[in-house]
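Chain and residue survey
Read off the chains here:
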Amino acid sequence: MARGIFVTGTDTDVGKTAVAVALVRRLVAAGVRVGVYKPVATGNAADAAALWEAAGRPLTLDQVCPQVFPAAISPPRSAAAAGTEVDAALLSRGLEPWTRGFDAVVVEGAGGLFSPLADGVSNADLAGMLGLPLVVVDAARLGAIGRTLATVTAARARGLAVAAVVLSQTTWLDEKAHADPASPWRIAHDSRADLAAALAPLPVGMLAHRAGAIEPPFDVVR
Ligand SMILES: [Mg+2]
């Protein structure tokens, strides 16, 4: 089994790629030879390209993401719209090039934990097959506590290990509005603190919009 992590989300568009890129950069800075893998993408290969650049362009972009389908909808429906289907076996087999010559691999799923990757294969199924612990990402906005606890609880009920939680700020926040408890900044920071208390000793971080690093820093690959 490869060392690494599987970055998943409470939903689609919650900031998984930004978190995966920040984790890759931290590993690269620590001298870790890090591979990156996006099992399937729809719409475009922008996530895969961002991961590839962050890792220093290892192997090829096609090996980062072997399956890309044009319509920006779920992979099985996007593949069907293109007159084909997701290669379910390739979802796990595509990790193999990243298990040789690398110290760790950062995998980014597609959609949320229970979103489909292929007919009958969810992100949770693939994470289990790959044997990788999860980093659960949620958007740093109102509702983060409920969404995150639901996903972490469901992951553990499936027998999946959770390595960390990160709240990802997908939009710019006015950091001057600290005094207002309803400000996005305060909601995000209070949610992070509440989740850290509820999930201790699990690390719970926050990635500010366009920031380079998760705070507080933690290592998810050991
Ligand atoms: Mg993404």
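In short, a report on the structure. (Residues numbered from 1 in each chain as written. Predicted model: local features only at pLDDT ≥ 70, side-chain atom pairs only at ≥ 80, totals over all residues. Heavy atoms only, no water.)

Observations concerning the pairing of strand S1 (residues 4–9)
Moving residue by residue along a regular strand, the side chains alternate between the two faces of the sheet. Burial analysis of S1 places 6 of its 6 residues in the buried class, the great majority of the element. The two faces of S1 match: Gly-4, Phe-6 and Thr-8 on one face and Ile-5, Val-7 and Gly-9 on the other face are all buried. Both S1 and strand S5 (residues 104–108) contribute to a ladder of 4 bridges, which runs parallel. If you follow Phe-6 over to S5, its bridge partner there is Val-107. When S1 meets strand S8 (residues 134–139), the two strands line up parallel, connected through 4 bridges. (Buried < 20%, exposed > 50% of the residue type's maximum accessible area, 1.4 Å probe, protein only. Helix = DSSP H or I, 4+ residues; strand = E, 2+ residues; numbered from the N terminus. Pairing = 2+ DSSP bridges.)

Topic: unusual backbone geometry
For residues that are not glycine, phi is negative in most cases, and the peptide bond is trans in most cases. With an omega of 10°, the peptide bond between Ala-200 and Pro-201 qualifies as cis. Tracing the backbone through its elements, the reader meets Pro-201 in the loop between helix H8 (184–199) and strand S10 (204–207). The omega torsion across Glu-215 and Pro-216 is -15°, close enough to zero to call that bond cis. The topology assignment puts Pro-216 in the segment after S10. Within the chain, Arg-57 stands out as a residue other than glycine whose phi angle is a positive 55°. Among the structural elements, Arg-57 can be located in the loop between helix H2 (46–54) and helix H3 (61–64). Look at Arg-57 and you get partly exposed, because its relative accessible area is 49%.

Points about the nonpolar core
Of all hydrophobic cores here, the largest spans 72 residues; its most connected members are Leu-23, Leu-134 and Val-135. If you tally residues by element for this core, the top one is helix H1 (residues 16–29), at 7 residues. A domain split of this core shows at least three residues from each of domain 1 (1–8 + 36–132) and domain 2 (133–222). Once residues lying within four places of it in the same chain are set aside, the contact partners of Leu-134 are Phe-6, Thr-8, Leu-113, Ala-127, Ala-155, Leu-160, Ala-161, Val-162, Ala-163 and Ala-164. (Core = buried A, V, L, I, M, F, W, Y, C linked by side-chain atoms within 4.5 Å. Domains from an automatic or database assignment. Contact = heavy atoms within 4.5 Å.)

Topic: the environment of Pro-181
Positionally, Pro-181 belongs in the loop between strand S9 (162–168) and H8. Distance in space between the C-alpha atoms of Pro-181 and Thr-12 is 27 Å, their sequence separation being 169 residues. Sequence-distant contacts of Pro-181, that is, excluding residues within four places in its chain, are made with Arg-186 and Ile-187.

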